[in-house]
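Here are the chains, one letter per residue:
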Amino acid sequence: MEFRQLGKSGLKVPVLSFGTGTFGGGNEFFAAWGATEVEEARRLVEICLEAGVNLFDTADIYSDGLSETILGKAIEGRRDQVLISTKATFRTSAGKDPNDVGSSRYHLIRACEASLRRLGTDYIDIYHLHGFDALTPIDEVLSTLNNLVASGKVRYIGCSNFSGWHLMKSLDIADRYGWPRYAGHQVYYSLIGREYEWELMPVGADQGVGALIWSPLGWGRLTGNVRRGQPLPKVSRLHKTGDMGPQVSEEYLHRVVDALDQVAKESGKSVPQVALNWLLQRPTVATVIMGARNEQQLRQNLGAAGWNLHADQIAKLDRASDVTPIYPYWHQRQFTERNPAAAAPGPSTKCEG
Ligand SMILES: NC(=O)c1ccc[n+]([C@@H]2O[C@H](COP(=O)([O-])OP(=O)(O)OC[C@H]3O[C@@H](n4cnc5c(N)ncnc54)[C@H](OP(=O)(O)O)[C@@H]3O)[C@@H](O)[C@H]2O)c1
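Residues numbered from 1 in each chain as written. Predicted model: local features only at pLDDT ≥ 70, side-chain atom pairs only at ≥ 80, totals over all residues. Heavy atoms only, no water.

### Focus on the pairing of strand β6 (residues 124-129)
- By the criterion of burial, β6 is predominantly enclosed, with six of the six residues buried.
- Where strand β5 (residues 83-88) meets β6, four bridges bridge the pair, whose relative direction is parallel. Across the sheet, residue S85 finds its bridge partner in β6, namely I126.
- Crossover handedness for the path β6 to helix α5 (residues 138-150) to strand β7 (residues 154-160): right-handed. (Buried < 20%, exposed > 50% of the residue type's maximum accessible area, 1.4 Å probe, protein only. Helix = DSSP H or I, 4+ residues; strand = E, 2+ residues; numbered from the N terminus. Pairing = 2+ DSSP bridges. Right-handed = clockwise from strand over helix to strand, strands pointing away.)

Pasting the structure below:
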């Protein structure tokens, strides 16, 4: 398995990692994703480790903590072989108090300690803020994260679902006080959701913040089982959660799936493998967090690494998934088309072909 540095931190992460949103099935939303219990989770962890994938992503809100508990049990006795990424900020259903949400010092410390208990460990390798909390001053957030790192409870910090300015302002404040910077940004990015490229990819490239990609198959749509004119497969989380998360028009989805089908056919790979491999070739991407309901899906997705799509195949996928930039990015694209040397990675650089 190829390892990449997470941004400009010293931490090396495998290009494929495993997301445990499918562990537990502890509430209606996550039950639609999966209900992997401890025994199966152990097997999935084992399969990952055999393939060289040692980074596991979870969050306190996944199945209201059950995902962390199950992951903790699944890695029992192998803590030193794995990297754990988890997240805080959002409210779990047990948290009824006004202070049980957000990135305040009060909530982050309690949330971190609760995650450590559930995971059965005394440190978290990458601790993410799950979202931006506009009510808590950024220096309160970052000084708390600094203390968590200094206390040894957290090794590296990351954020998730931030806007460009949230990230940039946070990095600036961290630098001002000499506090740890966000090493990684956990972001939604897929062949049917390329908004990451507008602002966040250029910030990541400029500032050395590595991307950890969530929902790389577009919220479970680029599986090869969602096709024009066909009903959804009988078992699919899309039945219950398709109208949550990232939305996509049918026309755009099928245009991309058609291109994926062509590339899959000519490369002898499956649709999910091609979709995941495309992401591995994008600037700033440190790791792609695979989702898998079962062993079969996991094994297939593990086959997304260790080879590269050809340039013409990438260009075909780029073309099929290209969208008209919103302002000011169309303006910047026009400028960089005339001045290619000024192009930053992202959609201001028009895709090839
Ligand atoms: N930071 C955040 O805000 C955030 C948000 C979402 C997710 N995440 C993280 O990212 C991880 C992955 O997200 P995701 O599950 O949404 O990723 P995804 O890759 O977009 O979707 C995964 C789903 O696609 C289907 N699938 C996957 N591989 C397949 C295959 N080979 N063949 C057929 N179907 C396949 C399965 O659903 P079905 O079997 O139901 O079709 C699976 O649960 C999560 O576990 C979590 O750790 C983070």
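Having seen it, we continue.
### Quick notes on the side chain of H185
- Inspection of the secondary structure puts H185 in strand β8 (residues 182-188).
- Assessed through its relative accessible area of 3%, H185 is described here as buried.

### A few points about the site of the ligand
- What surrounds the ligand is a group of 29 residues, the closest being D57, S215, R237, R293 and N301.
- Interatomic distance of 3.0 Å between a backbone N/O atom of G220 and an oxygen atom of the ligand.
- Look at the ligand: alone it shows 910 Å² of surface, and the protein chains cover 94% of it. (Near = heavy atom within 4 Å. Polar contact = N/O pair within 3.5 Å; in protein donor to acceptor, adjacent residues only side chain to side chain. Areas by Shrake-Rupley, 256 points an atom, 1.4 Å probe, with all protein chains shown as cover.)

### Let's talk about the side chain of H254
- By secondary structure assignment, the location of H254 is in helix α9 (residues 250-267).
- H254 gets classed as buried once you look at its relative accessible area, which sits at 7%.
- Apart from the residues within four sequence positions on either side, H254 is in contact with R227 and R228. (Contact = heavy atoms within 4.5 Å.)

### Things to note about the environment of Y189
- Residue position: Y189 is located in the loop between β8 and α7 (200-207).
- Measuring from C-alpha to C-alpha, the distance between Y189 and S85 comes to 18 Å, with 104 residues separating the pair along the chain.
- Aside from chain neighbours lying at most four places away, what touches Y189 is R194, Y196, E197, M201, I213, W214, S215, P216, W278, L279, R282 and V285.
- In this structure the side chain of Y189 is engaged in a polar contact, spanning 2.4 Å, whose partner is the side chain of E197.
- Polar contacts involving the side chain of Y189 include one to the side chain of R282, which spans 2.9 Å.

### Some points on the nonpolar core
- Core analysis: the biggest nonpolar cluster contains 93 residues, and L145, Y182 and L222 have the highest contact counts within it.
- For this core, the element with the highest residue contribution is α9, accounting for eight residues.
- Setting aside residues no more than four positions away along its own chain, Y182 makes contact with L129, V141, L142, L145, I157, G158, C159, F162, L167, S170, L171 and V209. (Core = buried A, V, L, I, M, F, W, Y, C linked by side-chain atoms within 4.5 Å.)

### Some details on the packing of helix α6 (residues 164-177) against α7
- For the pair α6 and α7, interaxial distance at closest approach is 9 Å and the crossing angle is 20°. Here α6 is positioned roughly parallel relative to α7, judged by the angle of their axes. Crossing hand, α6 versus α7: left-handed. In contact with G164, L167, M168 and L171 of α6, α7 contributes L200, V203 and Q207.
- Residue composition of the contact of α6 with α7, grouped by class: five nonpolar, two polar and no charged. (Axes fitted to C-alpha atoms, helices over the stretch in contact; angles between N-to-C directions. Parallel < 35°, antiparallel > 145°, perpendicular 65-115°, else oblique. Left-handed = near helix turned anticlockwise from the far one by under 90°. Nonpolar A, V, L, I, M, F, W, Y, C, P; charged D, E, K, R; others polar.)

### Quick look at the pattern of salt bridges
- By the definition in use, this model includes 18 salt bridges.
- A salt bridge links R110 to D100; the nearest nitrogen and oxygen atoms lie 3.8 Å apart. A residue pair is termed long-range when its members are at least 10 positions apart, and R110 in helix α4 (residues 105-119) and D100 in the loop between β5 and α4 qualify at 10 residues.
- The buried category is assigned to D100, whose relative accessible area is 12%. (Salt bridge = Lys/Arg side-chain N within 4 Å of Asp/Glu carboxyl O.)

### A word on the packing of aromatic side chains
- For the structure shown, the criterion picks out 18 aromatic pairs.
- Ring pairing ties together the aromatic residues F29, F30, W33, Y62, Y188, W214 and W219, which thus form one cluster.
- The ring of Y123 carries the charged tip of R155 above its face, separated from the ring centre by 3.9 Å. (Phe/Tyr/Trp six-rings, centres within 6.5 Å; stacked < 30°, edge-to-face > 60°. Lys NZ or Arg CZ within 6 Å of the ring centre and 35° of its normal.)

### Looking at the environment of R118
- Structurally, the position occupied by R118 is in helix α4.
- Classification of R118 as partly exposed rests on a relative accessible area of 26%.
- Considering only alpha carbons, one finds R118 and K73, 45 residues apart in sequence, at a separation of 9.0 Å.
- Among all residues touching R118, those that are not within four sequence positions of it are D60, G65, E68, T69 and G72.

### Quick word on the sheet that holds β5
- Read around the closed barrel, the eight strands follow the order β3-β4-β5-β6-β7-β8-β9-β10; overall the barrel is parallel. Averaged over all neighbouring strand pairs, the angle between strand axes comes to 30°, with direction disregarded.

### Topic: unusual backbone geometry
- A cis amide bond links Y327 to the next residue, P328, at an omega of 5°.
- Here P328 lies in the loop between α12 (311-321) and α13 (329-338).
- Although it is not a glycine, T89 adopts a positive phi angle of roughly 130°.
- Its location among the elements puts T89 in the loop between β5 and α4.
- Despite not being glycine, S215 shows a phi value in the positive range, around 45°.
- As for its placement among the helices and strands, S215 is situated in the loop between β9 (210-214) and α8 (238-241).
- In this structure S215 comes out as buried when scored by relative accessible area, which is 12%.

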